[in-house]
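Each chain, letter by letter, is given below.
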Amino acid sequence: MAEARDQMQKKEKKTGGDELPRLTKRKAGQARKTKTKKVKLTKKAEVDVNAPTSSQEEKQVEQIVTARRQRLSEKAATRVESKASSEPEIIGSMKLTEFDSVEYSPDEYTRLLEMYEGTIKDIKEGEIVTGTILGVTKDDVIVDVGFKSEGIIPLSEFPMPINIIVGEKIDVYLEAIEDQNGQLILSKQKADFMRVWDTIQDSHDSGALVAGRLVRRIKGGVVVDIMGVDAFLPGSQIALRQVPDFDALIGTMMDLKIIKLNKNRRNIVVSRRVVLEEERETKKATLLKEIQVGQVREGIVKNVTDFGVFIDLNGVDGLLHITDMSWGRIKHPGEMVSLSDRISVKILDFDEKTSRISLGLKQLTPYPWENIEVKCPIGKKVTGKVVSITDYGAFVELEKGVEGLIHISEMSWTQHIKHPSKIMNVGDKIDAVVLSVDRENEKISLGIKQMEPDPWDTIEKKYPIGKIVSGKVRNLTAFGAFIELEEGIDGLIHISDMSWTKRIQHPSELMKKGDKIEVKILRIDHENRRISLGYKQLKDDPWPEISRKYSVGSECLGTITRVLDRGVTVELDDEVEGFAPTAQLGKTDLVNPGDAFNEGDKIPLQVIEFDRAAHKIVLSVSAYYKNREKTEYEQYLASHPTQTVSMQDAIGEQTGGIKPAEPSEGGHAETPSDSGSQSPSSDEPTT
């Protein structure tokens, strides 16, 4: 202060006491301009006073001098009153223009200098000082730190601008005494950072936890307020698992650990995940010491999958498999639990090496199959809900965890059910009868057809043997035809019971599906639930009469109905069929009957065998012509020539050339010139 006083006195001597020591660079510039004007005005005034001037100039100089003296008188009066009072006088600011060229006495100058020095604090750059908020603008906060000028702090450095109060004391960091505009450069963030840096450094070194409030979300994470300082919480460090919504955490308080520091860049990185991992490890170690199979513990649903649920048991995860969630049937674990649910589970298994824990939920309720024989005795009528349908039956839930199977064969006494869905749907409530109980394998067989009387118990009374009834052809097979006598009651007509005289190859030769026909009850198999029906039995057996008409040695004329490899079937009179073997067709060299005979050919025959029981008649052409004239036999051979194919014919067919005709019995081959490209007709013998 002594140096400043000497400088001011020296400058006063140079300027004649017309100006004060410079305050700041900005105000110094203004002071120099003001000094120049004042000095010029003062000199001019002095000249004008000593020299004769016009009345207008004299009046102007007098007004200036009077105004200056009046201001100085007012300040002097204020200073006297301030000294008279107990409180010292504080001068907020003074303008250099308030001083005129009047010289002050040494005492007055000393007092003015002391008053000026009392308004300025001794502050240095790089220090934290206390200031007072003077005002708030749209972008800045004006702060007075007791220096020659006020400082301006950007509004963005205040975390909660709405809470700024004019007149409030705050700590600020003095970066520079003045900038290019002569203003103080202040920073609140740096002050907050410097004020708590030692505490933050100690927390980082010791690993202690610090409390932080999540302020706002930024790219890659969240800004956290720690002791009034902004820190960065990366998104990967917020929780043990990925957080889907950071915005939901804004405003919450968390215990954090400082994992990275950089004082020069004022960079602080914190982590919540490290804290949670340490807590989990601590809880895990404690839990693993206490856990035992059979314990019931409370946990939180951490994750839900298709195969089960992961439960957080205070630091250790356990798996609750879907099969251990309910005694009953569930399709997905989400039907019973949701994320963050708090549930009680039972420890089923624990592996100390892998720390795997198997949990159970259904084990907390009684075993539903206990004493199931008492609850569901055989023959009891029960009610349940259809929970599943398969090709072979339907599963019915009788109570939670107890299901029974209704096999498709136990659904109807009479109906032919192709699939259970034809008569029931999932969710239907139905009544059934308990057929069997297997507690060890947890199986119950049910039946719904037992709810009604078995029609087969009285089938013999309703359909006695020998009764002729009417039915509908429901289905045709290779071995017979199924006839529906009534709803669900079918009988079978075997192919052997369709005709007395014809050999039926397929039932479609006599009937077709949907036809209404009459049949006769032949047999009833009560045990296997089968009814044998007869179609030919509607007529009397013609074989006694046939046996007299077609006795052995009798002769007849037959029409070929089928040509087989081993012979031909012929139809006789009265729709009676007989069979002529190949060796009995009168041609010694015949191998395949089809080479000489066709369906519809009429041939003479003699009965050589008759089996009434088997309804079989064996016929012979050779026996017929045995006692006949040779010419008759030759005519028979000529009418049925043997058509054979030689190797040359086979080659000719493949090459498409003209092949000569093979000679028939008693004849010779014709040349192409004789018969052209045509072979001899089978109806006309060759010569």
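Residues numbered from 1 in each chain as written. Predicted model: local features only at pLDDT ≥ 70, side-chain atom pairs only at ≥ 80, totals over all residues. Heavy atoms only, no water.

Draft legend 1. Spatial organisation of the overall build of the chain. Within the chain, the regular secondary structure consists of 13 helices and 30 strands. Scored against the burial criterion, the 687 residues of the chain give a buried share of 36%. For the chain, long-range pairs separated by at least 24 residues make up 58% of all intrachain contacts whose partners lie at least 6 apart in sequence. A total accessible area of about 41,200 Å² is found for the chain, and carbon and sulfur atoms account for 48% of it. (Helix = DSSP H or I, 4+ residues; strand = E, 2+ residues; numbered from the N terminus. Buried < 20%, exposed > 50% of the residue type's maximum accessible area, 1.4 Å probe, protein only. Contact = heavy atoms within 4.5 Å. Areas by Shrake-Rupley, 256 points an atom, 1.4 Å probe, with all protein chains shown as cover.)

Draft legend 2. Region of interest: the sheet that holds strand β20 (residues 443-447). Around the barrel, which closes on itself, the 5 strands sit in the order β16-β17-β18-β20-β19 with mixed pairing between neighbours. Strand-to-strand twist in this sheet, taken as the mean axis angle between neighbours without regard to direction, amounts to 50°. Pairing of strand β17 (residues 393-399) with strand β18 (residues 402-407) involves 6 bridges; the strand directions are antiparallel. Bridging across to β18, glutamate 397 finds its partner in glutamate 403. (Pairing = 2+ DSSP bridges. Axes fitted to C-alpha atoms, helices over the stretch in contact; angles between N-to-C directions.)

Draft legend 3. Region of interest: the pattern of salt bridges. Per the stated rule, a full pass over the model turns up 17 salt bridges. Glutamate 298 is the partner of arginine 342 in a salt bridge, and the nearest nitrogen-oxygen pair spans 3.4 Å. Residue arginine 342 is located in strand β14 (residues 342-351), and its partner glutamate 298 is located in strand β11 (residues 296-304); the two are separated by 44 residues in the primary sequence. Of the residues examined, arginine 342 reaches a relative accessible area of 53% and is grouped as exposed. (Salt bridge = Lys/Arg side-chain N within 4 Å of Asp/Glu carboxyl O.)

Draft legend 4. Region of the structure containing the packing of aromatic side chains. According to the stated counting rule, one finds 9 aromatic pairs in the structure shown. Ring geometry for tyrosine 392 versus phenylalanine 395: centroids 6.4 Å apart, planes at 85°, classification edge-to-face. Residue classification places tyrosine 392 among the partly exposed residues on the basis of a relative accessible area of 41%. Here phenylalanine 395 falls in the partly exposed class, since its relative accessible area comes to 21%. Their ring planes at 55° and their centres at 5.7 Å tell us that tryptophan 543 and phenylalanine 610 sit as a pair that is tilted. (Phe/Tyr/Trp six-rings, centres within 6.5 Å; stacked < 30°, edge-to-face > 60°.)

Draft legend 5. The arrangement of the pairing of strand β15 (residues 356-360) in detail. Where strand β13 (residues 317-321) lies against β15, 2 bridges are found, and the strand directions are parallel. Across the sheet, leucine 320 pairs through a bridge with leucine 359, a residue of β15. Bridge analysis of β14 against β15 gives 5 bridges, and the strand direction is antiparallel. Bridge pairing in β15 places lysine 346 opposite glycine 360.

Draft legend 6. How the structure looks around the side chain of serine 271. Counting through the fold element by element, serine 271 comes out in strand β10 (residues 267-271). A relative accessible area of 0% places serine 271 in the buried class. Polar side-chain contacts of serine 271 include one of 2.6 Å to the side chain of glutamine 237. Those residues in contact with serine 271, other than ones at most four positions away along the chain, are Leu233, Gln237, Leu256, Lys257 and Ile259. (Polar contact = N/O pair within 3.5 Å; in protein donor to acceptor, adjacent residues only side chain to side chain.)

Draft legend 7. Region of interest: the nonpolar core. Ile603, Leu605, Ile617 and Leu619 are the most contacted members of the largest nonpolar core, which has 26 residues in total. Counting only elements with at least two residues in this core, the list comes to α9 (543-549), β26 (555-563), β27 (567-571), β29 (602-611), β30 (616-620), α10 (621-624) and α11 (630-639). With 4 residues, the single largest contributor to this core is β29. Apart from residues no more than four positions distant in its own chain, leucine 619 is found in contact with Cys556, Val570, Leu572, Gly578, Phe579, Ala580, Pro581, Gln584, Leu605, Gln606, Val607 and Ile608. (Core = buried A, V, L, I, M, F, W, Y, C linked by side-chain atoms within 4.5 Å.)

Everything listed here is a matter of geometry and, on its own, says nothing about what the molecule does.
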